[in-house]
Amino acid sequence: MEIFGYHPILKRWTEIGNSGIFRPEMLLPMGLPPDVNVIAWGLSLERPAMIQYGIKNIRDLFGHKIDLGKIRQIPITRYN
């Protein structure tokens, strides 16, 4: 299931959350038996951050190729 919210400035619906079920091969290393189902859900806080700071590609916000200098300049990630 995906959760969308209407963005009044962009005038479009934007994904803000999603949910799903973990695959069994992800749960086995955690010691859970194969017949156990685990539901996961969460907010996509990266989407509003991308909109707020004009980031077009999520890989510019997460991952091993991000520009840490750029990320450190965003006020919400600044640590004082």
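Residues numbered from 1 in each chain as written. Predicted model: local features only at pLDDT ≥ 70, side-chain atom pairs only at ≥ 80, totals over all residues. Heavy atoms only, no water.

**Brief notes about the pattern of salt bridges**
The line we're drawing: Salt bridges are counted wherever a side-chain nitrogen of Lys or Arg sits within 4 Å of a carboxyl oxygen of Asp or Glu. Accessible area is worked out with a 1.4 Å probe on protein chains only. A residue is then buried under 20% of its type maximum, exposed over 50%, and partly exposed in between.
The tally for this structure, following the rule as stated, stands at 1 salt bridge. In this structure, Glu-25 and Arg-23 form a salt bridge, with 2.6 Å as the shortest nitrogen-oxygen distance. By relative accessible area, Arg-23 is classed as exposed at 53%.

**Section: the sheet that holds strand S1 (residues 2–7)**
Our working definition: One bridge is not enough; two strands pair if DSSP finds at least two bridges between them. Note on conventions: DSSP H or I runs of at least 4 residues are helices, E runs of at least 2 residues are strands, and numbering of each starts at the N terminus. The axes used here are C-alpha line fits, helices contributing only the stretch in contact, and every angle between their N-to-C directions lies in the interval 0 to 180 degrees.
Strand order in the open sheet made by the 3 strands is S1-S2-S3, with antiparallel pairing throughout. Single-partner strands in this sheet number two, and they are S1 and strand S3 (39–43). On average, adjacent strands in this sheet sit at an angle of 20° to one another, irrespective of strand direction. Examined bridge by bridge, S1 and strand S2 (residues 12–21) share 6 bridges and lie antiparallel to one another. Among the inter-strand pairings, Phe-4 is bridged to a residue of S2, identified as Glu-15.

**Observations regarding the side chain of Glu-15**
Heads up, the rule is: By the convention used here, residues are in contact when the closest approach between their heavy atoms is within 4.5 Å.
Considering the arrangement of structural elements, one finds Glu-15 in strand S2. For Glu-15, a relative accessible area of 15% corresponds to the buried category. Those residues in contact with Glu-15 that lie beyond four places of it in its chain are Glu-2, Ile-3, Phe-4, Ser-44 and Arg-47.

**Focus: unusual backbone geometry**
With a phi close to 55°, Lys-11 is a non-glycine residue in the positive phi region. With respect to the element layout, Lys-11 can be found in the loop between S1 and S2.

**Here we look at the packing of aromatic side chains**
Keep this limit in mind: Each Phe, Tyr or Trp ring, with Trp reduced to its six-membered ring, pairs with another whose centre is within 6.5 Å; inter-plane angles below 30 degrees give stacked pairs, above 60 give edge-to-face pairs, and intermediate values give tilted ones.
Using the criterion set out here, one finds 1 aromatic pair in the structure. Summarising the aromatic geometry, the rings of Tyr-6 and Trp-13 are spaced 5.5 Å apart at their centres and angled 65° between planes, so their arrangement reads as edge-to-face. Judged by its relative accessible area of 43%, Tyr-6 is partly exposed.

**Quick notes on a nonpolar patch on the surface**
Definition in use: Candidate patch residues must exceed 30% relative accessible area and have no salt bridge, after which like charges are joined if within 9 Å and Val, Leu, Ile, Met, Phe, Trp or Tyr side chains if within 5 Å. Only the protein chains shown count as covering a residue, and every accessible area follows the Shrake-Rupley method with a 1.4 Å probe.
Nonpolar side chains collect at one region of the surface, where Met-1, Ile-3 and Ile-16 lie side by side and expose about 290 Å² of accessible area between them. The topology assignment puts Ile-3 in strand S1. According to the relative accessible area criterion, Ile-3 is partly exposed, its value standing at 35%.

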